[in-house]
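# Coordinate inspection notes
So you can see what is in the structure, the chains are spelled out below.
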Amino acid sequence: MPNAPLPDLLIAGAGIVGTACALAAAEAGLRVVVVEPGAIGAGATAAGMGHLVALEDDPAEFALSALSLRMWNRHADLPEAEFSRCGTLWIAADEAELAAVAPKREAYLARGIAAELIDAPTLARLEPNLRGGLAGALRVPDDAIVYAPRVARVLLDRARALGARVVQGRRVVAMDAGGVRLDDGSRLAAARTLLACGVDTRTLVPELPLRPRKGHLLITERAPGFVRHQLIELGYLASAHGNSDSSVAFNVQPRPTGQVLIGSSRQYGVEDAAVEPAMLRRMLARARTYLPTIGELTALRAWTGFRPATTDGLPLIGPWPPVPGLWLATGHEGLGITTALATARLVVDAMTGATAPIDPTPYWPARVLSPVGDEGRDPRAAPIPAPERGHTTDAIAVRETRTPITPPSPASLVIHLDGVPVPCTPGTTLAAAIATGTRRSRTGTMRAPTCGMGVCGECRATVDGIAHVLTCQVRVAPGMRVTSEREPAHA
Amino acid sequence: MPEHAHPVVIVGAGPAGLAAARAAIESGARALVLDAHDAPGGQVWRRRHDGTHPAPAAQALAILAHPACTWLPAHRVVARDGDALLVQSPQGTSRLPFQRLVLATGARELLLPFPGWTLPGVTGAGGLQALVKGGWPIAGRRVVVAGSGPLLLAAADTVRAAGARVLAIAEEADAAGLARFALSLWRYPAKARQAIALRARLRATPYLPDTHVVRAIGDERVEAVVLADRHGERELACDALAVGHGLVPNVELATLLDCAIDRGAMHPVIAVDALQRTSVPAILAAGEGTGIGGVDRSLAEGCIAGHVAAGDEVRARRAHAARAQAHRFARSLARTFAVPPDYAQRIAPDTLVCRCEDVSWRTLVQADGTPVHADARARKLDTRVGMGWCQGRICGAALAALGVAPDVGVRPPLYPVRIGSMIDL
């Protein structure tokens, strides 16, 4: 081997945190190597909502998110980011919750973040699909959303352009003071190693007080304008940082695609990534208590992810004293995308001896090494029993319908397509009766039935007010009202 | 018999599912059959709009009227919920617990992109057949059928019988391959009789070997197709173009149920043993989901699965010979009607590959033919390919056939569902 210069920094993990650190380090002139076993930004980065939000319940968390939000502005015009400054509406369900809004607003203003009180009538005007009777909201207009997986890729590409090297498809399996060992047995030397691999950091530093917090998300078909802000119930924080093993909160986001992204759930003590219908049901039912018509939307896909949660709720950013040369950037829980850029700033400033824009000490991993007696221990660190899974008591409701296999009557009937009467024969499918396209795709091209068997979805139309009905799968009935659909283009 | 207290739950009422129901009942069990469609028969025995089924289906369909059989039409499995299936029907969502399950989820058509394939009037070959059986008006229309496989003949026959003018059947396979396949049919007398009868009915229709679609032409719908063979290209004015390249096993539900999937071939199949058992205890699979092979293969596998699910391996083994014969036929089919290795060269850079999210070929594959992305997950996150309505069932299978590995993960719900129906069980 020729004498390649020793990298200054090896980063394990190419999620939003690892890639942000890679770019910041490369910009500071460090020689960087990034090791990622999977796709870029495909872990917790892809499982989150991409909500850039200032959370004010903890001063240190607030400082980090406020700094990071300012830094995100740099990427606001990046097409890949799909940046949308939709703002956040913290919803107060009743007068008691509304009482908490004024001090919350003061906290934002004190940090230089705009925040305004929204009364009930204004809230109803801003978000007409919210139920009536809500007390009001706090609007944080500068909060935004991004599509984080692609941002991670762009950040990494930029770091590459500055000389960073990326080793993809390999996993770091061990570290020492001089570098790391990969899963193919090879060794990579580096002056420092930064672990930015979320929950997986546990496998490399088992003594870290890090536990996976499982979350479910569900995305709908396009329904532009259904909600216009990120909507979160004020009780979210209590639930987000609460002690219970599982909880759900109303947390709904308008994606720039026009889709609605529905959260949120949190569970501890579950390591299985499977989507749990019971949890999903709780989460969706919670959302429906705020958005009564959300049940009419069509669910496209649900998934889960694991956020790395620490016992004190703050991320672990900085050197890990037990192993010289080892640094951590993990434990961001649900705020990893918001705080990734500030995290990178703190890491690189500390490595280069620059003065950090905010006090970095609250996030230092060394804090978890301090001896704490049982009395002083955060109760959240206690072992958590596994939550109940599955259902045993649900009623079994299977209808036993027997349809005789007999020919339909030959009488003619009439349906309406976009208001125009269409005579048709009983027994035919709706698609056949219409015999034309009823859908325009998101780039505006006309589509018509293609697979004929309910797979491709090109035959979709709105039937009797129900959106996205597969017309090749239903038979005509008298008086059916069919409306063409147009897939909204991206905002 | 206490082990028969719970019915054998059978997902799919095509030939495999119906055979499984009959076998399970013959072996003393009860059967509960559900299907996403509102009529039984699957794709091959799909009910026609006049309410009739193809004649060969009659005996198999009769089992649904048996007292030991419960038949749930228009019931679609959308997720798993512990040891139950979540099933959606027009009445809402319900939980269907199962102890013994037979997956007879069938196959869908392989639809490959080509310039103009998203134009209205361009369908699958089986797709047009299904639409016509549903009453799609085709009488007097000019139809071109193209692609590859015996399904082309069956589709052409259906649209001809409905009054359409089939201008041509363009078959990718060359004449030598077709001749070898035809000669091999002597081993399968029933297949040979079917093929001869089909050709006789289509004798007025040009059957063009070694011919493929270059592009479909039209503004808001197809108006013409350009076909090519070794001598050059020609344009045919038409009202409908039906293009199919064979079938793709439906393995999504099996994947969601953690059954082992065999990914050795171009399209994944549900892995089963000689008794149609999957890797998950009490879950069996039969029919096209375990590999493409036609009605006889599905009937034999369904029969085995049904008997085994009912605890009757002796009877199950009696169907082994029929299954072995059907498997040989399936291999011969796959050899003759394969996707041409240079197919990707027919796709234009701006041809849409993912029809749900309108993702173009250029976004996915570079000019030199290599994929833009390192892997399927990166491709999906970056381009949204496969993230739309069909969840990659169409473009994922097409990409696999074109040598671009698709995402193999399955996320619930298996089909888009109303959120309200997910909340209110």
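Structure's up top.
Since we're looking at a predicted model, the values are computed, not measured.

## So, the overall build of chain B
The helix and strand inventory of chain B stands at 14 helices and 23 strands. By the compact-globule yardstick of 22 Å for 425 residues, chain B fits well, its C-alpha radius of gyration being 21 Å. Structurally, chain B occupies a C-alpha span of about 70 × 50 × 40 Å along its principal axes. Buried positions account for 62% of the 425 residues belonging to chain B. Pairs at least 24 apart in sequence give 63% of the contacts found in chain B among residues at least 6 apart. Total accessible area computed for chain B in this model is approximately 15900 Å², and 55% of it derives from carbon and sulfur atoms.

## Description of the overall build of chain A
Helix and strand counts for chain A stand at 12 helices and 27 strands. Burial statistics for chain A: of 491 residues in total, 57% are counted as buried. For chain A, the proportion of contacts with a sequence separation of at least 24, taken over those separated by at least 6, is 70%. Of the roughly 19000 Å² that chain A leaves accessible, carbon and sulfur atoms contribute 55%.

## Details of the sheet that holds strand β7 (residues 100–103) of chain B
By way of backbone hydrogen bonds, the strands of a sheet pair with one another, either parallel or antiparallel. Residue and element names in this part refer to chain B. Pairing is parallel in the open sheet, where five strands are placed in the order β3-β2-β1-β7-β20. Every interior strand has two partners, whereas the edge strands, β3 (69–72) and β20 (283–285), have only one. Taking the axes of each pair of neighbouring strands and ignoring which way they run, one obtains an average angle of 20° across the sheet. Relative to the sheet, helix α1 (residues 15–26) contacts β1 (8–11), β2 (31–34), β3 and β7, its axis offset from that of β1 by approximately 170°.

## Topic: the interface of chain B and chain A
As a measure of interface size, the accessible area lost when the parts come together is often cited. In this complex, chain B contributes 80 residues to the contact, which on the side of chain A involves 82 residues. Carbon and sulfur atoms supply 54% of the area that chain B and chain A bury against each other, a total of about 6800 Å² over both sides. The largest contributions to the chain B side of the interface with chain A come from B:Arg384, B:Trp389 and B:Ile419, which together make up 12% of the buried area. Here B:Arg418 and A:Glu296 are joined by a salt bridge, their closest N and O atoms 3.2 Å apart. Where chain B meets chain A, there are 27 residue pairs in polar contact (both at pLDDT 80 or more). Broken down by element, the side of chain B that touches chain A gets its largest block of residues, five residues, from strand β6 (residues 92–97) of chain B. A breakdown of the residues in the side of chain B that touches chain A according to their chemical character gives 36 nonpolar, 22 polar and 22 charged.

## Observations regarding the packing of helix α1 (residues 16–27) of chain A against helix α11 (residues 336–352) of chain A
All names here are of chain A. Running from amino to carboxyl end, α1 crosses α11 at an angle of 35°, the nearest separation of the two axes being 8 Å. Crossing angle aside, the handedness with which α1 passes α11 is right-handed. Note on element contacts: α11 touches α1 through Gly336, Ile337, Ala340, Leu341, Thr343, Ala344, Val347 and Val348, opposite Ile16, Val17, Ala20, Cys21, Ala24 and Ala25. Per-class residue counts for the contact of α1 with α11 are 12 nonpolar, two polar and no charged.

## Focus on the packing of helix α4 (residues 151–161) of chain B against helix α6 (residues 189–201) of chain B
Residues and elements named next belong to chain B. Close contact between α4 and α6 brings their axes to 10 Å; oriented N to C, the two are set at 45°. By the angle between their directions, the pair α4 and α6 is classed as oblique. Helix-helix and strand crossings are classified by hand; for α4 and α6 the assignment is left-handed. Contacts from Leu153, Ala154, Asp157 and Arg160 of α4 reach α6 at Leu198, Arg199 and Arg201. Classifying every residue of the contact of α4 with α6 gives three nonpolar, no polar and four charged.

## Details of the nonpolar core
Core analysis: the biggest nonpolar cluster contains 80 residues, and B:Phe114, B:Ile138 and B:Leu241 have the highest contact counts within it. It is helix α13 (residues 393–401) of chain B that provides the largest number of residues to this core, a total of six residues. Those residues in contact with B:Leu241, other than ones at most four positions away along the chain, are B:Phe114, B:Gly121, B:Val122, B:Thr123, B:Val144, B:Val213, B:Ala216, B:Val222 and B:Val225. Core analysis: the second largest hydrophobic core is formed by 73 residues, A:Val151, A:Ala159, A:Ala196 and A:Ala342 among them.

## What to know about a positive patch on the surface
A contiguous patch of positive charge on the surface is contributed by B:Arg187, B:Arg328, B:Arg331 and B:Arg335. Mapped onto the fold, B:Arg187 is located in the loop between α5 (175–184) and α6.

What counts and what doesn't
- Residues numbered from 1 in each chain as written.
- Chains lettered and ligands numbered in written order.
- Predicted model: local features only at pLDDT ≥ 70, side-chain atom pairs only at ≥ 80, totals over all residues.
- Heavy atoms only, no water.
- Helix = DSSP H or I, 4+ residues; strand = E, 2+ residues; numbered from the N terminus.
- Rg over C-alpha atoms; globule rule 2.2 N^0.38 Å.
- Buried < 20%, exposed > 50% of the residue type's maximum accessible area, 1.4 Å probe, protein only.
- Contact = heavy atoms within 4.5 Å.
- Areas by Shrake-Rupley, 256 points an atom, 1.4 Å probe, with all protein chains shown as cover.
- Pairing = 2+ DSSP bridges.
- Axes fitted to C-alpha atoms, helices over the stretch in contact; angles between N-to-C directions.
- Buried area = accessible area lost by both parts, 1.4 Å probe.
- Salt bridge = Lys/Arg side-chain N within 4 Å of Asp/Glu carboxyl O.
- Polar contact = N/O pair within 3.5 Å; in protein donor to acceptor, adjacent residues only side chain to side chain.
- Nonpolar A, V, L, I, M, F, W, Y, C, P; charged D, E, K, R; others polar.
- Left-handed = near helix turned anticlockwise from the far one by under 90°.
- Parallel < 35°, antiparallel > 145°, perpendicular 65-115°, else oblique.
- Core = buried A, V, L, I, M, F, W, Y, C linked by side-chain atoms within 4.5 Å.
- Patch = residues over 30% accessible without salt bridge, like charges linked within 9 Å, V, L, I, M, F, W, Y side chains within 5 Å.
- Lys, Arg positive; Asp, Glu negative; His and termini not counted.
- Charge placed at Lys NZ, Arg CZ, Asp CG, Glu CD.

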